[in-house]
Amino acid sequence: MTQQGVRWTADQVLALAPDAPSQKAGSKLGIAGPWSRAGSSGEGAVWGLCKGSGSKPYQTVIDTADVAGPAYKCSCPSRKFPCKHALGLLLLWSGEEDGRAAVPDGEEPPDWAREWLAARHDKAEAKRSSPPAGPAAAGDPDAARKRAERRAERVTAGATELERRLSDLLRGGMAAAEQAGYGLWEETAARMVDAQAPGFATRVRELGAIPGSGPGWPARLLEECALLHLLTSGWLRRDELPAALAATVRSRTGLPASAQGRPLRDTWQVLAQYDTADNKLTTRRIWLHGERSGHTALLLSYGAAGRAPALALPVGLALDAELLPHAADPASRQLRADLGEQFTAPCPTTGHPPGIPPAEAAVRYGEALRDDPWLESWPVTLGRVVPVPNGDTGWQLADPDSDLALPIASPAATRSGLWRLVALSGGAPLTVFGECGHRGFTPLAAWPYDGAETVRL
Amino acid sequence: MTAPTTAPTKTAAPTAAHTEAAKAAGRHARTSWEELVTAALLGTDRRTPPVTAPGRDAPAALLDAAAVQTVRRRAGLRAAPAAGRPEPASQDPRPVVPAAARRRLATLLADHTGTAGGGRRGTAPDLVELLPQWLAMANERGFAPPPELLPALLNAARGRTDLRPQALAFAGPRAQWLARLNPDWKFALRAAPGRAAPPGPQEEGAIQRRWQEGLFAERVALLASLRAHTPDTARELLSDTWATERAEDRLMFLDSLRTGLRPADEPFLEQALGDRSRNVRATAAELLSSLPDSALAARMADRAASCVALDRTAPSPALTVEAPHECDAGMERDGVAPKPPAGRGERSWWLGQLVEAAPLASWQGRLGDRSPADIVALPVADDWRAELHAAWCRAAVRQRDASWSRALLGPPASPDAAGPGAVSLAERAKLLTTLPATERAEWVAGFIDAHGLSEAFQLLGVCAVPWAPALGRAVVDALNIARDAGSYPWSFSGVMGLAERCLDPAEAVRLEALTAVPDEPEDASPGAGGYWSEAFQRLVSTLRLRAAMREELGG
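Overview of the structure. Everything quoted here is computed from the prediction, not taken from an experiment.

1. Concerning the overall build of chain B
Phase 1 of the analysis: When its secondary structure is counted, chain B shows 29 helices and three strands.
Phase 2 of the analysis: In chain B, which comprises 555 residues, the share counted as buried stands at 49%.
Phase 3 of the analysis: Residue pairs in contact within chain B that sit at least 24 positions apart in sequence constitute 71% of those at least 6 positions apart.

2. A short note on the pattern of salt bridges
Residues and elements named next belong to chain A.
Phase 1 of the analysis: With the rule as written, the count across this model stands at 54 salt bridges over all chains.
Phase 2 of the analysis: Salt-bridge contacts for E240 lead to R237; the nearest nitrogen and oxygen are separated by 3.4 Å.
Phase 3 of the analysis: Exposure remark for E240: the relative accessible area of 55% places this residue in the exposed category.
Phase 4 of the analysis: Taking relative accessible area as the criterion, R237 reaches 31% and is therefore assigned partly exposed.

3. As for the side chain of Q273 of chain A
Phase 1 of the analysis: Its location among the elements puts Q273 of chain A in strand β7 (residues 264-277).
Phase 2 of the analysis: In terms of polar contacts, Q273 of chain A uses its side chain to reach the backbone amide nitrogen of L313 of chain A, at 2.9 Å.

4. Some thoughts on the sheet that holds strand β13 (residues 377-389) of chain A
Phase 1 of the analysis: Read from one edge to the other, the open sheet built from seven strands follows the order β18(A)-β17(A)-β16(A)-β13(A)-β14(A)-β15(A)-β1(B), with strand pairing classed as antiparallel. At either end of the open sheet lies a strand with only one pairing partner, and these are β18 (455-456) of chain A together with β1 (80-81) of chain B.
Phase 2 of the analysis: Seen against the sheet, helix α11 (residues 358-371) of chain A touches β13, β14 (395-399), β15 (404-407) and β16 (430-437) of chain A and runs at an angle of roughly 155° to β13 of chain A.

5. Description of unusual backbone geometry
Residues and elements named next belong to chain B.
Phase 1 of the analysis: Across the junction of V465 and P466, the peptide omega takes the value -10°, indicating a cis bond.
Phase 2 of the analysis: Counting through the fold element by element, P466 comes out in the loop between α25 (457-461) and α26 (469-484).
Phase 3 of the analysis: The residue D369 is not glycine, and still its phi comes out positive at about 50°.
Phase 4 of the analysis: With respect to the helices and strands, D369 occurs in the loop between α18 (361-366) and α19 (372-377).

6. Some remarks on the packing of helix α27 (residues 493-502) of chain B against helix α29 (residues 528-552) of chain B
Residues and elements named next belong to chain B.
Phase 1 of the analysis: Between α27 and α29, whose axes approach to 8 Å, the crossing angle comes to 25°. In terms of axis orientation, α27 runs roughly parallel to α29. α27 and α29 meet at a crossing whose hand is right-handed. Two secondary-structure elements touch here, α27 through M496, A499, E500, R501 and C502 and α29 through W532, A535, F536, R538, L539, T542, L543 and R546.

7. Observations concerning the nonpolar core
Phase 1 of the analysis: In this structure, W363, W392, I448, L460, W467 and L471 of chain B are the most contacted members of the largest nonpolar core, which totals 103 residues.
Phase 2 of the analysis: Residue contributions to this core reach at least three from each of two domains, namely domain 3 (292-383) and domain 4 (436-555) of chain B.
Phase 3 of the analysis: Filtering out sequence-adjacent residues up to four positions away, W467 of chain B remains in contact with L460, G472, V475, L498, A499, C502, L503 and D504 of chain B.
Phase 4 of the analysis: Judged by nonpolar contacts, the second largest core, of 77 residues, contains V380, L444 and L457 of chain A together with L130 of chain B.

8. Remarks on the interface of chain B and chain A
Phase 1 of the analysis: The interface of chain B with chain A comprises 70 residues on the first partner and 71 residues on the second.
Phase 2 of the analysis: Among the residues of chain B in contact with chain A, L63, R74 and R85 of chain B are the three that bury the most area, contributing 13% of the side total.
Phase 3 of the analysis: Viewed at the interface, chain A and chain B are joined by six salt bridges.
Phase 4 of the analysis: The shortest N-O distance in the salt bridge between E224 of chain A and R74 of chain B comes to 3.2 Å.
Phase 5 of the analysis: Where chain B meets chain A, there are 20 residue pairs in polar contact (both at pLDDT 80 or more).
Phase 6 of the analysis: Looking at the side of chain B that touches chain A, the elements with two or more residues in it are α1 (8-11), α2 (20-42), α3 (58-75), β1, α4 (99-113), α6 (150-159), α7 (164-179) and α29 of chain B.
Phase 7 of the analysis: Counting residues per element, the side of chain B that touches chain A draws most heavily on α3 of chain B, at 12 residues.
Phase 8 of the analysis: A per-class count over the side of chain B that touches chain A returns 42 nonpolar, 13 polar and 15 charged.
Phase 9 of the analysis: One ladder, built from two bridges, connects β15 of chain A with β1 of chain B; its direction is antiparallel. Each residue of the ladder has a partner; that of A405 of chain A, found in β1 of chain B, is A80 of chain B.

9. So, the sheet that holds strand β2 (residues 45-50) of chain A
Residues and elements named next belong to chain A.
Phase 1 of the analysis: Strand order across the open sheet formed by four strands is β1-β2-β3-β4, with antiparallel pairing between neighbours. Strands with a single pairing partner mark the edges of an open sheet, and in this sheet they are β1 (35-40) and β4 (71-74). Averaged over all neighbouring strand pairs, the angle between strand axes comes to 10°, with direction disregarded.
Phase 2 of the analysis: With four bridges joining them, β1 and β2 adopt antiparallel strand pairing. When the sheet's bridge partners are listed, G39 is paired in β2 with W47.
Phase 3 of the analysis: Packing against the sheet, helix α3 (residues 84-94) makes contact with β1, β2, β3 (58-63) and β4, and its axis sits at approximately 65° to β3.

10. A closer look at the pairing of strand β10 (residues 317-325) of chain A
All names here are of chain A.
Phase 1 of the analysis: Among the nine residues of β10, seven are classified as buried, and the element is accordingly described as predominantly covered.
Phase 2 of the analysis: Bridge analysis of β10 against strand β11 (residues 336-342) gives four bridges, and the strand direction is antiparallel. Across the sheet, residue L323 finds its bridge partner in β11, namely L339.

11. Looking at the state of the cysteines
All names here are of chain B.
Phase 1 of the analysis: Under the defined criterion, the tally for this structure stands at zero disulfides over all chains.
Phase 2 of the analysis: With no disulfide of its own, C463 lies closest to C502 among cysteine sulfurs, the gap being 8.7 Å.
Phase 3 of the analysis: With relative accessibility at 7%, the residue C463 sits in the buried group.

Definitions and limits used
- Within each chain, residues carry numbers counting from 1 in the order of the written sequence.
- As a convention, the first chain written is A and the first ligand written is 1, with the rest following in written order.
- For this predicted model, a pLDDT threshold of at least 70 governs which residues receive local features, and a threshold of 80 or more governs which side-chain atom pairs are given and counted, while totals over whole chains, interfaces and linings are taken from all residues.
- Processing note: side-chain calculations cover all non-hydrogen atoms of the structure and skip hydrogens and water entirely.
- In this description a helix means any DSSP run of H or I spanning at least four residues, a strand means any run of E spanning at least two, and both kinds are numbered starting from the N terminus.
- In this scheme, a residue with accessible area under 20% of its type's maximum is buried, one over 50% is exposed, and one in between is partly exposed, where area comes from a 1.4 Å probe on protein chains only.
- Contact criterion: two residues are considered in contact whenever any of their non-hydrogen atoms come within 4.5 Å of each other.
- Salt bridges are identified by distance alone: a Lys or Arg side-chain nitrogen within 4 Å of an Asp or Glu carboxyl oxygen.
- In the analysis that follows, any N or O atom pair within 3.5 Å is treated as a polar contact, provided that within protein one partner can donate a hydrogen and the other can accept it, and provided that, for residues neighboring in sequence, both atoms belong to side chains.
- Note on pairing: DSSP must find at least two bridges between two strands before they are called paired.
- Here, axes are lines fitted to C-alpha atoms. For helices the fit covers the stretch in contact, and angles between N-to-C directions go from 0 to 180 degrees.
- For classification purposes, angles smaller than 35 degrees are called roughly parallel, those larger than 145 roughly antiparallel, those between 65 and 115 roughly perpendicular, and all remaining angles oblique.
- Put simply, a crossing is left-handed when the front helix is turned counterclockwise from the back one by less than a right angle, and right-handed when it is turned clockwise.
- To form a nonpolar core, buried Ala, Val, Leu, Ile, Met, Phe, Trp, Tyr and Cys residues must be joined to one another through side-chain atoms within 4.5 Å.
- Domain start and end points were adopted from an automatic or database domain assignment.
- Defined in terms of a 1.4 Å probe, buried area is the accessible area two parts forfeit on being brought together, summed over both.
- All amino acids are sorted into three groups, where Ala, Val, Leu, Ile, Met, Phe, Trp, Tyr, Cys and Pro are nonpolar, Asp, Glu, Lys and Arg are charged, and the leftover types, Gly among them, are polar.
- Note on disulfides: each one is a pair of cysteine sulfur atoms within 2.5 Å.

Given below as structure tokens:
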């Protein structure tokens, strides 16, 4: 089932680190010094003993071929996930020393590692053989329907209240909102959480930050208020909407997906992985591209504040796996998906999705808005574009053939990724994957030439 | 003009702005959008919104209209005409570093940006300290950088000036190109022309133009680069415009003649002795005294010789010193500073300067055909020994005279060598630099064998990297002795740090045995054994890392 001897690159390992300090700490352990009895099964399991400050070495074991991304276990007390020992061991495994692999292949795992690996294996087998828990297993269908109805009532109450708040805001004027600050919105957001409408809550919380976001905030605040109003009215009139749009409204409101779509098996190339965090939650976005189907998919994974999300897929690898698209998200043409069964360990790949010109990318976003007006951006791959400085207004990605360009979104323009992109280009055209939205284009990965490795931005 | 007040259902399917009609609607929408924002900002109680809808109150109608506009505006976004594209970066002819080396560089640079500092060093190597070595190796092998790492490399070089020469040489033309786009990296442009290839003869016009019209930094760089390849051309270029340069500039330009100093420079330097600026005069005199056959050197030799003589009245040969009684105009013109620093006597200050500037070779003839070693061994009357020897040390360093350096250093094992003798450790380190690398290593090895490590730091700093086998062994043995003596390793952290960077990686095998935690002797400092084991582990892993680095760059 798994490929023999496919090892990751150090970049890919480091991409798994939950934060920069872990990356640094892991790098320092990526050498033979502290490790003893390190070995690899050649089928994705890697283990070793790492000398720490105590007398007993830490036992670290990693299953790189797990269906849900790599899994780690380490006897250290760290709450980081993966911990520096796991990162260090993977780095050691990815490299070589004196011309041979630093972690030998085809070894028998020691007992402590075997136990854990076997337990995982059994669990995976059990999951595979047992039939998926259908709606029938969720208990009494009547009770379930009643629960859903009760929740819908609460959301409706929340939506009505929110409508009233928005009306009050516009009646008194947004200028007053500048003085009100976060407090007003935080309280409303909390009420929306109580109303079991997390989609409302998130949007309300974001409203609070806009008055402090610099010049042009009134227009941005009106935009976001209007879109929130669009969502609440959509919810209140969901019975009148076409089924697909009603599903989008439900999903944007934050109601759980009813069922998943048909699994989609492909060789999925990991294009990008990045985290955004607020004070409650770290959200990790992973973009995948199906090499055969041409589909683009988005995996989301969450971590509580300060903790890294569990799912981590190194950029530049490809994995033969099934994705389970979210059926509740038909408007987004099934971008959202969950990782299903993984058939091989991820292995390095080259190549990139076919690129389109900037003009076409803008049209794609526009068309996607037709199905989901709340969409912030749409994933696209731009072919043959050059990063171009555009005076004081930031950077563009320009198509040298048509001389048309997309602006690079300003938050992205201040990130170090922009300069990596500019350096990679050197003024020559390259292929760039990113999110194209109303704020501009956010570059996430690039390829300087055909067949190049993916460069993470 | 009425803005659309459709229900959200229809908003969700905006008839994308493809057609002319849609474009017209877009223009229409823009003006109306401004009005919507104004109304929203002031509040519908104060300003009647530009939209109304039957059965909807004013705020709801305003939000309806704003929703339509927002989605329409977003859906209607189109690519804009591109700004002028920058000239592409010039090609880097060098091959890009191999993949493994590229990843190594990424780790070294990642560590750099995350430098936190503080805390115990633990067993892991200090990656930041290995970056200079990595860059030097990559440059020796003629590799080009992976472009995506250039921003991190430039940021590292921005924070550490000592990294810049190597980093910029490695970064190559694309870094220059980047530096023109990002003001944070301006330093790369300043330093650039210095390392440019020597301009060919056909570029003479270009050289003249750059010299005549360039900025100060560019001119210094041009002079330095010319001096390195065609020293006489550089001097001629400088002497052409000499009279018109500002005093500070003259000083900098004159200083660049240090590279490739040669007898042919003498007439120019003699003329600079009459300069208006005292600093320029002093520098010219210093340069002339480094040319043993120059007229200035001969004048200084005569002056010095009149101060130091063999005492023929003494029963055994000895030196007598009669320091000068005045600093005359001739001495001042030849660069002798008349005023001593606070706390020093005038006469000994003048003597020191005369002896320092006199060619060392002249002493042998004047002091009875003795070898440098014999001269240094002569007793000196009236406590002048320290003063005289210190001046000879400075002369040996200035004139790069190995035989005098050897004589002044003395045997490494002599008890004098570690003590506060006539020659300080700093002077010893400088003297060592005039010796060939192997001899230097042997001397320092001998010094460490005899005196241990506590005074060795400065001396080790001037030894060639990687350390010669004998030197490496001496350092490791001394560390081992220090450990057995029961002291803490941080007393030796300076030497340990040097050893991590300078020991030959081949030593790692031998060191492995030292990483075990030893049984603690009774009189040892508590816990020292564990710390030593940790320090040796770090040493071994750093050496292994350095070996791996070299391997990745093709051996």
